[in-house]
Amino acid sequence: RKEVEQDPGPFNVPEGATVAFNCTYSNSASQSFFWYRQDCRKEPKLLMSVYSSGNEDGRFTAQLNRASQYISLLIRDSKLSDSATYLCVVNGGGGADGLTFGKGTHLIIQP
Amino acid sequence: GAGVSQSPSNKVTEKGKDVELRCDPISGHTALYWYRQRLGQGLEFLIYFQGNSAPDKSGLPSDRFSAERTGESVSTLTIQRTQQEDSAVYLCASSRSRTERRYFGPGTRLTVL
């Protein structure tokens, strides 16, 4: 099993819709979790951290389910500018640099 | 303040030549990382520097790859005798510590002909 797994997509979603995607991780000792966003031909940028109790930032909601070892990202009222690749990142997952990156989920918001 | 900078932004080279990529981390960030991202792929960890400690080179794909960092400043990634499979975007990131938020530079797009 890969350390961090994501559905690569693409997810094609109409503007204004709600979209959610999950990420599973294999190391139960993982301690912290993040969602990064990467635009085409750009570097990854932190979107939000994921806290145990779940957290919300505007239209974005992140959830953590430790029992099932997955995190989720929900985007409400999606905008064209949300089109990007969303990387699930796990800290403490055993990677040499302390982070394990998922390969990302490609999201396309359609007008 | 200034973010992580990398140079050059693009590099085209011929197979067999050596290339040197540069990363300027955010001032005060003791941790510095190099990653490789091939087209349409995820991030591949290459090497990690933490302060003055010996770097973790466990991600370097071959002995053609090496990296240096002087103290907590600039780092250079060197690829010797480049091969076509080395073509990728090389991303540098820095953070205040291994467990804190990571800031990425814009990357160097390397094309080996």
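For the structure, check the block above.
Per chain, residue numbering runs from 1 following the sequence as it is written. Chains and ligands are labelled sequentially in the order written, the chains with letters from A and the ligands with numbers from 1. This being a predicted model, a pLDDT of at least 70 is required before a residue's local features are given, and a value of 80 or more before pairs of side-chain atoms are given or counted; all residues contribute to the totals for chains, interfaces and linings. Hydrogens and waters are ignored; side-chain quantities use all the structure's heavy atoms.

Undergrad: Pulling in residues and values, what's your account of the interface of chain B and chain A?
TA: On the side of chain A, 15 residues touch chain B, which itself brings 19 residues to the contact. Just to be clear on terms, a salt bridge is a Lys or Arg side-chain nitrogen sitting within 4 Å of an Asp or Glu carboxyl oxygen. At the junction of chain B with chain A, the criterion picks out 0 salt bridges. A 3.5 Å cut-off defines polar contacts: any pair of N or O atoms within that distance qualifies, except that in protein one atom must be a possible hydrogen donor and the other a possible acceptor, and neighbouring residues in sequence count only when both atoms are side-chain atoms. Joining chain B to chain A, the criterion identifies 2 residue pairs in polar contact (both at pLDDT 80 or more). The set of elements that each furnish at least two residues to the side of chain B that touches chain A consists of strand 4 (31-37) and strand 5 (43-50) of chain B. Under the grouping applied here, Gly and all other residues not named as nonpolar or charged are polar, the nonpolar ones being Ala, Val, Leu, Ile, Met, Phe, Trp, Tyr, Cys and Pro and the charged ones Asp, Glu, Lys and Arg. In terms of residue class, the side of chain B that touches chain A is built from 8 nonpolar, 6 polar and 5 charged. Here, two residues are considered to be in contact whenever any of their heavy atoms come within 4.5 Å of each other. Helical segments are the DSSP runs of H or I of at least four residues, strand segments are the runs of E of at least two, and each set is numbered from the N terminus.

Undergrad: Go over the packing of aromatic side chains with me, naming the residues and quoting the values.
TA: Aromatic pairs are defined between Phe, Tyr and Trp rings, using the six-membered ring for Trp, whenever the two ring centres lie within 6.5 Å; interplanar angles under 30 degrees are classed as stacked, those over 60 as edge-to-face, and all others as tilted. Throughout the structure, instances matching the rule amount to 12 aromatic pairs over all chains. Considering the side-chain rings of B:Tyr35 and B:Phe104, the 5.7 Å spacing of their centres and the 40 degrees angle between planes classify their relative orientation as tilted. Of the two residues, B:Tyr35 sits in strand 4 while B:Phe104 sits in strand 9 (residues 103-104), which places them 69 residues apart along the sequence. The residues B:Tyr35 and B:Phe104 share a single accessibility class, namely buried. Members of the aromatic cluster, joined through ring pairs, are A:Tyr36, A:Phe101, B:Tyr33, B:Tyr35, B:Phe45, B:Tyr48 and B:Phe104. It is B:Arg102 that lies over the ring of B:Tyr33; its NZ or CZ is 3.7 Å from the centre. Partly exposed describes any residue whose relative accessible area lies between the buried limit of under 20% and the exposed limit of over 50%, with all areas from a 1.4 Å probe on protein chains only and scaled to the type maximum. Here, over-ring charges are defined by two tests on the NZ atom of lysine or the CZ atom of arginine: distance to the ring centre within 6 Å, and angle to the ring normal within 35 degrees.

Undergrad: Account for the pairing of strand 6 (residues 65-69) of chain B, with residues named and values stated.
TA: Residue and element names in this part refer to chain B. What you see with strand 6 is a clean split: Phe 65, Ala 67 and Arg 69 sit on the buried side and Ser 66 and Glu 68 on the side with no burial. Pairing between strands is defined by DSSP: at least two bridges between the two strands are required. Bridge count for strand 6 against strand 7 (residues 75-79) is 5 bridges, and the pairing is antiparallel. Across the sheet, the residue bridging to Phe 65 is Ile 79, located in strand 7. Two successive antiparallel strands, strand 6 and strand 7, enclose a turn made up of 5 residues, where Gly 71 displays a positive phi of approximately 60 degrees.

Undergrad: How would you explain the sheet that holds strand 6 of chain B if you had to name every residue and give the values?
TA: Residue and element names in this part refer to chain B. Read from one edge of the open sheet, 4 strands run 1-3-7-6, paired in antiparallel fashion. The two strands at the open ends of the sheet, each matched to only one other strand, are strand 1 (5-7) and strand 6. Taking each pair of neighbouring strands and ignoring which way they run, the sheet shows an average axis angle of 15 degrees. Pairing of strand 1 with strand 3 (residues 19-24), which is carried by 3 bridges, proceeds in the antiparallel orientation. In the strand pairing of strand 3, Ser 7 is matched with Arg 22. Each axis is a line fitted through C-alpha atoms, and for a helix only the stretch in contact is used; angles between axes span 0 to 180 degrees, taken between their N-to-C directions.

Undergrad: Let's hear about the state of the cysteines: which residues, and what values?
TA: Residue and element names in this part refer to chain A. Here, a disulfide means two cysteine sulfur atoms that sit within 2.5 Å of each other. This structure, assessed with the given rule, holds 2 disulfides over all chains. One disulfide bridge connects Cys 23 with Cys 88, the sulfur atoms lying 1.9 Å from each other. Residues Cys 23 and Cys 88 share a disulfide whose torsion about the S-S bond is about -65 degrees; that sign makes it left-handed. Of this pair, Cys 23 sits in strand 3 (residues 19-25) while Cys 88 is found in strand 9 (residues 84-91), placing the two residues 65 residues apart along the sequence.

Undergrad: So what about the pattern of salt bridges? Which residues, and what values?
TA: Residue and element names in this part refer to chain B. The full count for this structure, using the stated rule, is 9 salt bridges over all chains. For Glu 44, the salt bridge identified is with Arg 36, shortest N-O distance 3.0 Å. The partner of Arg 96 in a salt bridge is Glu 100, with the nearest N and O atoms 3.1 Å apart. For Arg 96, a relative accessible area of 55% puts it in the exposed group.

Undergrad: Would you mind going over the sheet that holds strand 1 (residues 4-6) of chain A in detail, with residue names and values included?
TA: All names here are of chain A. Overall, antiparallel pairing links the 5 strands, which are arranged 1-3-8-7-6 in an open sheet. Here the strands that pair on one side only, and so sit at the sheet edges, are strand 1 and strand 6 (55-57). When strand polarity is set aside, the average angle formed by the axes of neighbouring strands in this sheet is 20 degrees. As defined by bridge partners, strand 6 adjoins strand 7 (residues 60-65) across 3 bridges and the pair is classed as antiparallel. Bridged to Glu 56 within strand 7 is Thr 61.

Undergrad: Lay out the environment of A:Lys103 with the relevant residues and their values.
TA: Relative to the assigned elements, A:Lys103 resides in the loop between strand 10 (99-101) and strand 11 (105-110). Sequence separation between A:Lys103 and A:Lys42 is 61 residues, and the spatial gap between their C-alpha atoms is 15 Å. If we ignore the near neighbours within four places in the chain, the residues touching A:Lys103 are A:Lys2, A:Gln6, A:Thr85, A:Leu87, B:Gln41 and B:Gly42.

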